[in-house]
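# Observations on the three-dimensional arrangement
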Amino acid sequence: MTGKLDLDPALVAQARELARRAGEPVTQLARTHTTVSVERAVLRLAGLDGADEDGMPWVNRLADAVRETTGLEHGVALPVWDAMLTGGYPDLRTLAVDAAAGLVKFRLPAGHEGDAAIQAAARSVRKGISRIDAQRAERDRMLVQTSNPPMPWIYLIVATGDIYEDIPQAQAAAREGADIIAVIRSTGQSLLDYVPEGATREGYAGTYATQENFRLMRAALDDTSRELGRYIRLTNYASGLCMPEIASLAGLERLDMMLNDCMYGIIFRDINPVRTFIDQRFSRQVHARAGIVINTGEDNYLTTADAVDAAHTVVVSQLLNEYFGREAGLADAQLGLGHAFEINPDIPDSFLLELAHAQLVRELFPDAPLKYMPPTKHMTGNVFAGYLLDAFFNLCGVMTDQSILLIGMMTEGIHTPFLSDRDLALENVRYVRRAAGRLGQEFRPEPDGFVARRAGQVLGESVDLLRKIGSQGLLNAIAEGTFGVTKRPADGGRGLDGVVERAEGYYNPASEILEASR
Amino acid sequence: MSLTGVVRPYGDTTGDGRVQLSFTLPVPFGDETQRARAEGAALQLAAKMGLDPAMVVHAKGMGPDFTFFIVYGRVSHLVDLSAVTVAEREFPVLPAAEVNLRIRSALGRKLVVVGACIGTDAHTVGIDAILNVKGHAGEKGLEYYREIRVVNMGAQVGVADLVARAAAEHADAVLVSQVVTQRDAHLTNTREMSAAFHAGFGPQRPLLVVGGPRFDASAAPDLGVDKIFGRGTTPGEVASYLVHALAPAKEAA
């Protein structure tokens, strides 16, 4: 499988080393800071859920109350569990209600009282982590009881806005051949600094990610998995301002994959870069523990930038995502690095260029479950031509042994897919798999031919860019518009006010358990 | 060139009226009886749509409850070309150099454009394609024009923030992109935006331009904006419109 492109192993090693060097200062930042969402995730792992009558989650109310008195630089755990013990509270919810009403005086306990708070906090959070562990074991059991479908996994999206409409659509898609169901989130959610609560029936171009929606969909897909004898994976989004909390909820409710990119929120949602990198590290530690496969978002770069000119930015981002992912404890088999089939079909040899890029990524990351995204930018409204383009995408995916194929819709960009669009799309990929499933084994690009040379060129450009990023610093590179043509300064964007530098004696029971499990 | 007369769809012979369509009906396609009934249902719909004769060339069950059809048929309708109305573009598309020149001579300063996606819409692809240097369809975006100063506020901008920023930047024009159309969000958001500008600025308000794939281009007055751009709009068209509206050519002496 590997070695079709005759890549220079020294150059590949150099690229990884440069990515590590570019990422390390940012990791250091994440180790020395926390965010409001990281702290709220601690409370969620300790079992605090629900919301006040205005729909504001109790984790927000409690974390805000702590922030107003002791600040968050020591973490929420010490003041919260100290208040639990000294106030004799039966549970976190009761404490949160009182705290929201201004009835709790938080303090930083020291000495014996500090030790007692630490022990109580660790005990509570360990329950949440144990539930994540149990869910991971349950996934393994389900995989044995049903079956693990062969790759490439077919990935389909549902996005009605109403969880009770999503469920039958997801089950229908699974019966028609989908291996992975992704529930697209409501378009506003990434910029909400709280996670909505409960089952939701209203969303814009997607359905809110809530713990209850996660639970409902996973339960429905468990039924369908048993019915089909094939485990149907469930995907959602750990991006936006609440990445750590949503990652925790995903672990608790046994989601199988999560969109989680090191830079997507920064570039495409204008979320503060520092906030993003801190939240990302914690969320990936949770994913690592939960056995969740992350999906990174490099495909997005190619929707704003040209897919040929910017091919190396995809590889650079993948290498950074790999570094940050491994640093957070993810195994290579959990790194669903993303890329896309977005080259303008009017240019000569466009398919060869796509093959070169896809094969390059395959060989750079041999053990990663690569996620390959279908054409969107050059889907014109000519649905017949679009169907053909999607077939070429499927062919490229099969030939280069991609692991996860997001199935292209011929009506991309026109409307949310009709039932028939989805059916035709599955017919398309089934045909390609049946007709050319083994083409990858037979396909070998000419040594030093067009495909091999193009792949080498993209790798070379990636190394050059990584060197540049290393010398200017990753945050500066992002500020200068290196990725996705958008400039995002480190002191701009949303959510910076939720970043807190850790003080001496900062304590986070979740981080301690997650770091120790590596 | 104006077309007149009466035409019919062209399949392979003048006037044969042949068209093709596809659709799904919520009917099962299981046993032979169900299949016959499904095809009959499809033919009934085709007949009501004016296809006569019609032929179901493909029918396929999708799950237990639905059937997909591809139908060919002959329409009896006539197209009266003299009754076709189109919105003519009221301005010429100018090259970038000409746009810059017109701004310099008419305004004597840079033209200021503030752009944003408003409401919950996070799809910045459209506004970025118009504003970013990178541009769209081979044309550079407005940032590329020397005489245009672009402030791109990005996604999910509140209307109040947009109004405040437009005032602070002394915006000549405000560009708003709306992609999400669920529950007519694009119309609701646009009305809210235009009302805020009318209320906040009065007659001195900046030019209001909205764009998105699902707007009706003729609805500008109804939505309280000056111009609506649809799918496939290029940055050059937008720049040319801005110049047409804000920097009119000097009358020849």
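Residues numbered from 1 in each chain as written. Chains lettered and ligands numbered in written order. Predicted model: local features only at pLDDT ≥ 70, side-chain atom pairs only at ≥ 80, totals over all residues.

## Details of the overall build of chain B
In terms of helices and strands, chain B carries seven helices and ten strands. Computed over the C-alpha atoms, the radius of gyration of chain B is 24 Å, more than 25% above the 18 Å expected from 2.2 N^0.38 for a compact globule of 253 residues. Seen through its C-alpha atoms, chain B measures out along the principal axes to roughly 75 × 45 × 35 Å. The buried share of chain B, reckoned over its 253 residues, is 36%. Partitioning the contacts of chain B with sequence separation of at least 6, the portion at a separation of at least 24 is 64%. (Helix = DSSP H or I, 4+ residues; strand = E, 2+ residues; numbered from the N terminus. Rg over C-alpha atoms; globule rule 2.2 N^0.38 Å. Buried ≥ 20, exposed ≤ 12 C-beta atoms within 10 Å, placed from the backbone. Contact = placed C-beta atoms within 7 Å.)

## What to know about the overall build of chain A
On a plain count of helices and strands, chain A comes out with 20 helices and eleven strands. In terms of overall size, chain A behaves like a compact globule, its C-alpha atoms giving a radius of gyration of 23 Å where 518 residues would be expected to give roughly 24 Å. Once the C-alpha set of chain A is aligned to its principal axes, its extents read approximately 70 × 55 × 40 Å. Per-residue burial for chain A yields a buried fraction of 58% across its 518 residues. Considering only residue pairs separated by 6 or more positions, chain A has 77% of its internal contacts joining residues 24 or more positions apart.

## Quick look at the nonpolar core
In terms of nonpolar packing, the biggest core is built from 172 residues, with L62, Y155, I181, A250, M258 and L466 of chain A touching the most fellow members. Per-element accounting of this core gives the leading share, nine residues, to helix α18 (residues 450-472) of chain A. Looking at which domains feed residues into this core, each of domain 1 (34-126) and domain 2 (146-237) of chain A supplies at least three. Residues in contact with M258 of chain A, not counting those within four places in the same chain, are T235, N236, Y237, A238, A247, A250, H287, I292, I294 and N295 of chain A. The next biggest cluster of nonpolar side chains, apart from the first, holds 43 residues, and it includes V113, C117, V150 and A247 of chain B. (Core = buried A, V, L, I, M, F, W, Y, C linked by C-beta atoms within 7 Å. Domains from an automatic or database assignment.)

## Some words on the domain arrangement of chain A
All names here are of chain A. What the domain assignment lists for chain A is domain 1 (34-126) and domain 2 (146-237). Once you take the C-alpha centre of each, domain 1 and domain 2 turn out to be 31 Å apart. Partitioned by chemical class, the residues of the side of domain 1 that touches domain 2 number three nonpolar, three polar and one charged. (Nonpolar A, V, L, I, M, F, W, Y, C, P; charged D, E, K, R; others polar.)

## Quick word on the pairing of strand β9 (residues 207-211) of chain B
It is a general feature of regular strands that their side chains alternate between the two faces of the sheet. All names here are of chain B. In terms of burial, β9 is largely enclosed, as four of its five residues are buried. Examined bridge by bridge, β9 and strand β10 (residues 227-229) share three bridges and lie parallel to one another. Bridging from a neighbouring strand, V209 pairs with K227 of β10. (Pairing = 2+ DSSP bridges.)

## Side note on helix α14 (residues 350-364) of chain A
All names here are of chain A. Helix length check: α14, at 15 residues, gives a terminal C-alpha distance of 21 Å against a target of 21 Å (1.5 Å per residue), a fit within 8%. Where burial is concerned, most of α14 is hidden: twelve out of the 15 residues are buried. Contact partners of the buried residues in α14: α1 (9-32), α13 (311-327), β8 (338-340), β9 (371-373), α15 (383-399) and α18. (Expected span 1.5 Å × (residues − 1).)

## Some remarks on the environment of F418 of chain A
You can see F418 of chain A is positioned in the loop between β10 (404-406) and α16 (419-436). Contact partners of F418 of chain A, with chain neighbours within four places excluded, come to T411 of chain A together with T24 of chain B.

## Some points on the sheet that holds strand β5 (residues 257-259) of chain A
All names here are of chain A. With respect to topology, nine strands assemble into an open sheet ordered β7-β6-β5-β4-β3-β2-β10-β9-β8, the strand pairing being parallel. Single-partner strands in this sheet number two, and they are β7 (335-336) and β8. As paired elements, β5 and strand β6 (residues 293-295) share three bridges and run parallel to each other. Within β6, the residue paired with M258 across the bridge is I294.

## Some words on the domain arrangement of chain B
Domains assigned within chain B are domain 1 (6-82) and domain 2 (96-246). Computed from C-alpha coordinates alone, the two centres of domain 1 of chain B and domain 2 of chain B are separated by 42 Å.

## Observations regarding the sheet that holds β10 of chain B
All names here are of chain B. Read from one edge of the open sheet, five strands run β7-β6-β8-β9-β10, paired in parallel fashion. The sheet terminates laterally at β7 (148-152) and β10, the two strands that pair on one side only. Sheet twist, expressed as the average angle between the axes of neighbouring strands with direction ignored, equals 20°. Pairing of strand β6 (residues 111-117) with strand β8 (residues 173-177), which is carried by five bridges, proceeds in the parallel orientation. Residue pairing across strands places A116 opposite V176, the latter belonging to β8. (Axes fitted to C-alpha atoms, helices over the stretch in contact; angles between N-to-C directions.)

## As for the confidence of the model for chain B
Per-residue pLDDT for chain B has a mean of 89; in total, 93% of the residues score no lower than 70. We note a pTM of 0.85 for the whole complex and an ipTM of 0.84 for its interfaces. (pLDDT = per-residue confidence, 0-100.)

## Describing unusual backbone geometry
Here the bond from M151 of chain A into P152 of chain A is cis, since omega is 0°, no more than 30 degrees from zero. Mapped onto the fold, P152 of chain A is located in the loop between α6 (111-145) and β2 (153-158). In this structure, P53 of chain B follows D52 of chain B across a cis peptide bond, with omega equal to 0°. With phi around 55°, D6 of chain A is a residue other than glycine that occupies positive phi space. Within the fold, D6 of chain A resides in the segment before α1. Note on D6 of chain A: 13 C-beta atoms within 10 Å, which makes it partly exposed.

## A word on the pairing of strand β3 (residues 51-62) of chain B
Residue and element names in this part refer to chain B. Where β3 and strand β4 (residues 66-75) come together, nine bridges link them in antiparallel fashion. Each residue of the ladder has a partner; that of M55, found in β4, is Y72. Turn length for the β3-β4 hairpin, with the two strands adjacent in sequence and antiparallel, is three residues, and the turn residue G63 shows positive phi of about 70°.

## Brief notes about helix α4 (residues 77-87) of chain A
All names here are of chain A. In terms of residue burial, α4 counts as a mostly covered element, since eight of its eleven residues are buried. Along α4, the residues that are buried comprise A77, L78, P79, V80, W81, D82, A83 and M84. Each element contacted by the buried residues of α4 is listed here: α2 (36-45), α3 (58-69), α5 (92-100), α6 and α20 (509-516). Positive backbone phi, approximately 60°, marks G88, located one or two places after α4.

## Things to note about the packing of α14 of chain A against α18 of chain A
The relative placement of two packed helices is expressed as an angle between their axes plus a distance between the axes. Residues and elements named next belong to chain A. At a closest axis distance of 8 Å, the pairing of α14 and α18 adopts a crossing angle of 55°. Viewed along their axes, α14 and α18 adopt a mutual orientation that is oblique. Pair α14 / α18 crosses with right-handed handedness. When α14 is examined against α18, the residues L352, L353, L355, A356, H357, Q359 and L360 are found in contact with a partner set consisting of F450, V451, R454, A455, V458 and L459. (Parallel < 35°, antiparallel > 145°, perpendicular 65-115°, else oblique. Left-handed = near helix turned anticlockwise from the far one by under 90°.)

## What to know about the environment of T120 of chain B
Structurally, the position occupied by T120 of chain B is in the loop between β6 and α3 (125-131). Distance in space between the C-alpha atoms of T120 of chain B and G212 of chain B is 14 Å, their sequence separation being 92 residues.

## Focus on the environment of I148 of chain B
All names here are of chain B. Its location among the elements puts I148 in strand β7. Put simply, I148 and C117 are 31 residues apart on the chain and 19 Å apart in space, counted from C-alpha to C-alpha. Setting aside residues up to four positions removed in sequence, I148 forms contacts with K110, L111, V113, L142 and A239.

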